[in-house]
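Summary of the model geometry
What follows is each chain in one-letter form.
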Amino acid sequence: MALTNVLDITGLMLSSFGTLVLAAVGLAIIFGMMRIINLAHGEFIMIGAYATAFSFSAGVPLALAIPIGGLVTGIVGLVLERLIIRHLYDRLVDSMVATWGISLIFAQGMLIIAGPSFSDVPTPLGPISYGDFSMSLYRVVLAASAIGLLIALYGIYTYTTYGRHARATMQDEETARSLGVNTDRIYMITFFIGSVMAGIAGGLLSPIVSIVPTLGQSYIIEAFVTVIVAGPSVILGTILSGFSLSVVNAPVSQWAGSFAGRVALLVAAIVIIRLLPEGISGYWMEGGE
Amino acid sequence: MNLFELNNVTAGYGSTPILRDVSLAVEEGDVVSLIGRNGVGKTTLMKIAIGLLSPEEGDVMFDGADVTSMGADERARAGIGYVPQGRDVFPRMTVEENLQIGAEVGGGGREKLYDEVYEYFPRLDERRDQNAGTMSGGEQQMLAIGRALVGNPDLLLLDEPSEGVQPSIVTEISERVQEINEEIGTTVLFVEQNIQFTMNASNSCYVMEKGRIVDRVSPDDADDESVIEEHITI
Ligand SMILES: Nc1ncnc2c1ncn2[C@@H]1O[C@H](COP(=O)(O)OP(=O)(O)OP(=O)(O)O)[C@@H](O)[C@H]1O
Ligand SMILES: [Mg+2]
């Protein structure tokens, strides 16, 4: 009995951690590196989920349909960045209004194009069970993919020329530009990568949600909370934040239901921000300006 | 031949004019300084030179071409290395990573000068993996100069390299600037308020007052030290 409980909570923690990190990662990149608050982030996840579900229903294996979802969302993000977002850098409020408008258009547009719902993607891999305990193995995949994506991002931002230029641009845009960095291009690529991450998240989450045009709304609050708790370091911060929040969310969801779990998550976020106003990773950062 | 020129430049921020009808020329291979009291517009002139600010009137010439409409990143890739006032190293990147950013200067076609930078500034060599934000003011200044130099620019722009740097390091930096000019052949334009630095390092010195160039003197003439002193001290 006790062991089953522990296992149940562990299973919930894995999916809670995976979901929080996946929902947050694209937002964290776009906000952390570009200071753009992308209120259409949930709809980017939604587009990734639809593109994945669509590819899957057309016979593409899920493992391939998910990166397709990422790519499609990345292209949508790229077009938006060139047409709209790039005119709104350094205009926080304008960019929020614009991305909010985009989110409405995307949700309504998807309703018109694809109807109120799309055929669900079945959860792959089946359950793992132990006595009374049983959970979907896919939860482990979600958590592992979340960590895998963060490791991939760590590699990109540490070892590639683009990554170095992006960090320099984030730390001091004017100086980066005056040293030959094409900051306009850096912003474009960064927005693209953030969009791809949101799309992959949507693809990975597609087997565990109903594919409806409003699905983005169920992730946007958790995504923002995770990013705020994470603080200035995109990668380390997102891992620590996802972990801390899921540690609170999982047991409360287990004992008092998922609504109480969400409330507990928000309360935990408020407490963390009270104690560490710079977010969890703000505490770790060194070598300030 | 003039490597760099400002011709009748008028510029400012918004509606307040800061520079009025400024003309200045830097001959290839020369080391030229610009002096003036606080707030006269020296940094504004340097921003016009690199392209972080556009002139309202007048033009900017580099290497025989009109670069007035080129952005700062394009000018950097065309061969201008810029060291901003206050250094502005990337604080959460290592010394080596800071230099790698500077490698964009001069574009892809030229040989990069990592070895030379580490030879001129051995302190950087010792601190390759240290975060730039944790270094002393003098070390950061060396890094900012190295970062602008590593891409092998034709012109190096330095905005008050001695500011906030202890005196022994000021001497070291002024010697390095002269060596860079003599050994690599880099043309230099620097802003200073430090008389010794100006006297030691430059062959020619523009004097700025309230947004205008009011004099051009040669620090080699002994008489001019007093002129320079008069223009810097209040
Ligand atoms: N971004 C800005 N917006 C508005 N005014 C500015 C800006 N930057 C500088 N100024 C003003 O322009 C004038 C010239 O400034 P600038 O920085 O060019 O002077 P400076 O000669 O470099 O001074 P210092 O020796 O203190 O560095 C000052 O009056 C300053 O207040
Ligand atoms: Mg200045």
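In the block above lies the structure referred to throughout.
Quick summary incoming for the structure in this document. Bear in mind the structure is a predicted one, so any value in this text is a computation, not a measurement.

Secondary structure summary: chain A contains 11 helices and two strands in total. When its helices and strands are written in sequence order, chain A yields α-α-α-α-β-β-α-α-α-α-α-α-α. For 289 residues, the compact-globule formula gives about 19 Å, and the C-alpha radius of gyration of chain A, at 19 Å, lands near that figure. For chain A, the C-alpha atoms occupy an extent of roughly 65 × 45 × 35 Å along the three principal directions. Relative to its 289 residues, chain A shows a buried fraction of 51%.

Bringing the site of ligand 1 into the picture now. Residue and element names in this part refer to chain B. The immediate surroundings of ligand 1 are formed by 13 residues, with Gly39, Lys42, Thr43, Thr44 and Gln85 found nearest. One of the side-chain N or O atoms of Asn38 is found 2.9 Å from an oxygen atom in ligand 1. In this structure, an oxygen atom belonging to ligand 1 sits 2.8 Å away from a side-chain N or O atom of Gln85. Relative to its unbound accessible area of 630 Å², ligand 1 is 59% covered by the protein chains. In terms of residue class, the shell around ligand 1 is built from three nonpolar, seven polar and three charged.

With that out of the way, let us pick up the pattern of salt bridges. Residue and element names in this part refer to chain B. According to the stated counting rule, one finds 16 salt bridges over all chains in the structure shown. A salt bridge links Glu139 to Arg123; the nearest nitrogen and oxygen atoms lie 3.5 Å apart. Highlighted residues: Glu139 in helix α6 (residues 137–149) and Arg123 in helix α5 (residues 122–126), separated in sequence by 16 residues. Each of Arg123, Glu126, Arg127 and Glu139 takes part in one network of salt bridges that share partners.

Before going further, it helps to spend a moment on the sheet that holds strand β6 (residues 80–83) of chain B. Residues and elements named next belong to chain B. In spatial order, the strands read β6-β7-β8-β3-β9-β10; together these six strands make up an open sheet with mixed pairing. Among the strands making up the open sheet, the edge pair consists of β6 and β10 (212–217). Here the strands of the sheet are splayed against their neighbours by 20° on average, with no regard to which way each runs. Bridging between β6 and strand β7 (residues 155–159) involves four bridges; their strand directions are parallel. Its bridge partner lying in β7, Gly81 is registered against Leu156. On the sheet, helix α1 (residues 42–50) packs against β3 (31–35), β6, β7, β8 (187–192) and β9 (204–209) and is oriented at approximately 155° with respect to β7.

This brings us to the environment of Gly151 of chain B. Residue and element names in this part refer to chain B. Along the chain, the position of Gly151 falls in the loop between α6 and β7. Distance in space between the C-alpha atoms of Gly151 and Glu111 is 7.5 Å, their sequence separation being 40 residues. Contact partners of Gly151, with chain neighbours within four places excluded, come to Gly102, Ala103, Val105, Gly106, Arg110 and Lys112.

With respect to the helices and strands, the residue Ser206 of chain A is situated in the loop between α8 (183–205) and α9 (217–230). Excluding its chain neighbours within four sequence positions, the residues that come into contact with Ser206 of chain A are Ala49, Thr52, Val121 and Ile211 of chain A.

Protein-derived ligands of the magnesium ion (ligand 2) are Thr43 of chain B (OG1) and Gln85 of chain B (OE1), with the metal-ligand distances lying across 1.9 to 2.1 Å. With a gap of 42 residues between them, Thr43 of chain B in helix α1 and Gln85 of chain B in the loop between β6 and α3 (95–102) connect regions that are remote in the sequence.

Tallied over the entire structure, the rule returns five aromatic pairs over all chains. Seen from their ring centres, Tyr89 of chain A and Tyr187 of chain A are 4.8 Å apart, and the 40° between their planes marks the pair as tilted. Highlighted residues: Tyr89 of chain A in the loop between α3 (62–83) and α4 (92–114) and Tyr187 of chain A in helix α8, separated in sequence by 98 residues. Seen from their ring centres, Phe190 of chain B and Phe197 of chain B are 5.2 Å apart, and the 75° between their planes marks the pair as edge-to-face. Taken together, Phe44, Phe106 and Phe191 of chain A form an aromatic cluster joined through their ring pairs. A cation sits over an aromatic face here: Arg35 of chain A above Phe31 of chain A, 4.5 Å from the ring centre.

A few words now on the sheet that holds strand β2 (residues 16–27) of chain B. All names here are of chain B. Spatially, four strands are ordered β2-β1-β4-β5 in an open sheet, and the strand pairing comes out antiparallel. Each end of this open sheet is capped by a strand with a single partner; those strands are β2 and β5 (65–66). Sheet topology places strand β1 (residues 2–13) next to β2; eight bridges connect them, and they run antiparallel. Residue pairing for β2: Ala11 is matched across the bridge by Leu19. Seen against the sheet, α1 touches β1, β2 and β4 (57–62) and runs at an angle of roughly 120° to β1.

So, about the interface of chain B and chain A. Taken together, the 24 residues of chain B in the interface contact 21 residues of chain A. With both chains or domains summed, chain B and chain A bury close to 2100 Å², and 57% of this area falls on carbon and sulfur atoms. Broken down residue by residue, the surface that chain B buries against chain A is led by Phe90, Arg92 and Ile101 of chain B, which jointly contribute 29%. At the junction of chain B and chain A, the tally comes to two salt bridges. Taken together, chain B and chain A are joined by five residue pairs in polar contact (both at pLDDT 80 or more). Among the elements that line the side of chain B that touches chain A, the one with the most residues is helix α2 (residues 72–78) of chain B, at four residues. Among the residues making up the side of chain B that touches chain A, the classes are represented as 12 nonpolar, four polar and eight charged.

Residues and elements named next belong to chain B. Taken together, β1 and the strand that follows it, β2, pair antiparallel across an intervening segment of two residues, in which Gly14 is found at a positive phi of about 60°. Inspection of the sheet shows β1 paired to β4 by five bridges, in the antiparallel sense. Pairing of Phe4 across the sheet is with Phe62, part of β4.

All names here are of chain A. Formed by 69 residues in total, the largest nonpolar core has its most connected members in Leu22, Ile29, Met34, Leu153 and Tyr157. In terms of residues, this core owes the most to one element, helix α1 (residues 2–34), which gives 12 residues. Not counting the four nearest positions on each side in its chain, Met34 is found in contact with Ile29, Tyr89, Tyr187, Thr190 and Phe191.

A word on the pairing of β7 of chain B. Within a regular beta strand, the side chains point alternately toward one face of the sheet and then the other, so they alternate between its two faces. Residues and elements named next belong to chain B. Of all five residues in β7, five are buried, a share of seventy percent or more. Across the two faces of β7 the burial is the same, with Leu155, Leu157 and Asp159 and Leu156 and Leu158 all buried. The pairing of β7 with β8 spans five bridges and is parallel. Bridging across to β8, Asp159 finds its partner in Val191. The parallel pair β7 and β8, bridged by helix α7 (residues 167–184), forms a crossover whose chirality is right-handed.

What counts and what doesn't
- Residues numbered from 1 in each chain as written.
- Chains lettered and ligands numbered in written order.
- Predicted model: local features only at pLDDT ≥ 70, side-chain atom pairs only at ≥ 80, totals over all residues.
- Heavy atoms only, no water.
- Helix = DSSP H or I, 4+ residues; strand = E, 2+ residues; numbered from the N terminus.
- Rg over C-alpha atoms; globule rule 2.2 N^0.38 Å.
- Buried < 20%, exposed > 50% of the residue type's maximum accessible area, 1.4 Å probe, protein only.
- Near = heavy atom within 4 Å.
- Polar contact = N/O pair within 3.5 Å; in protein donor to acceptor, adjacent residues only side chain to side chain.
- Areas by Shrake-Rupley, 256 points an atom, 1.4 Å probe, with all protein chains shown as cover.
- Nonpolar A, V, L, I, M, F, W, Y, C, P; charged D, E, K, R; others polar.
- Salt bridge = Lys/Arg side-chain N within 4 Å of Asp/Glu carboxyl O.
- Pairing = 2+ DSSP bridges.
- Axes fitted to C-alpha atoms, helices over the stretch in contact; angles between N-to-C directions.
- Contact = heavy atoms within 4.5 Å.
- Donors = N, O, S within 2.8 Å, 3.2 Å for Na, K, Ca; no water.
- Phe/Tyr/Trp six-rings, centres within 6.5 Å; stacked < 30°, edge-to-face > 60°.
- Lys NZ or Arg CZ within 6 Å of the ring centre and 35° of its normal.
- Buried area = accessible area lost by both parts, 1.4 Å probe.
- Core = buried A, V, L, I, M, F, W, Y, C linked by side-chain atoms within 4.5 Å.
- Right-handed = clockwise from strand over helix to strand, strands pointing away.

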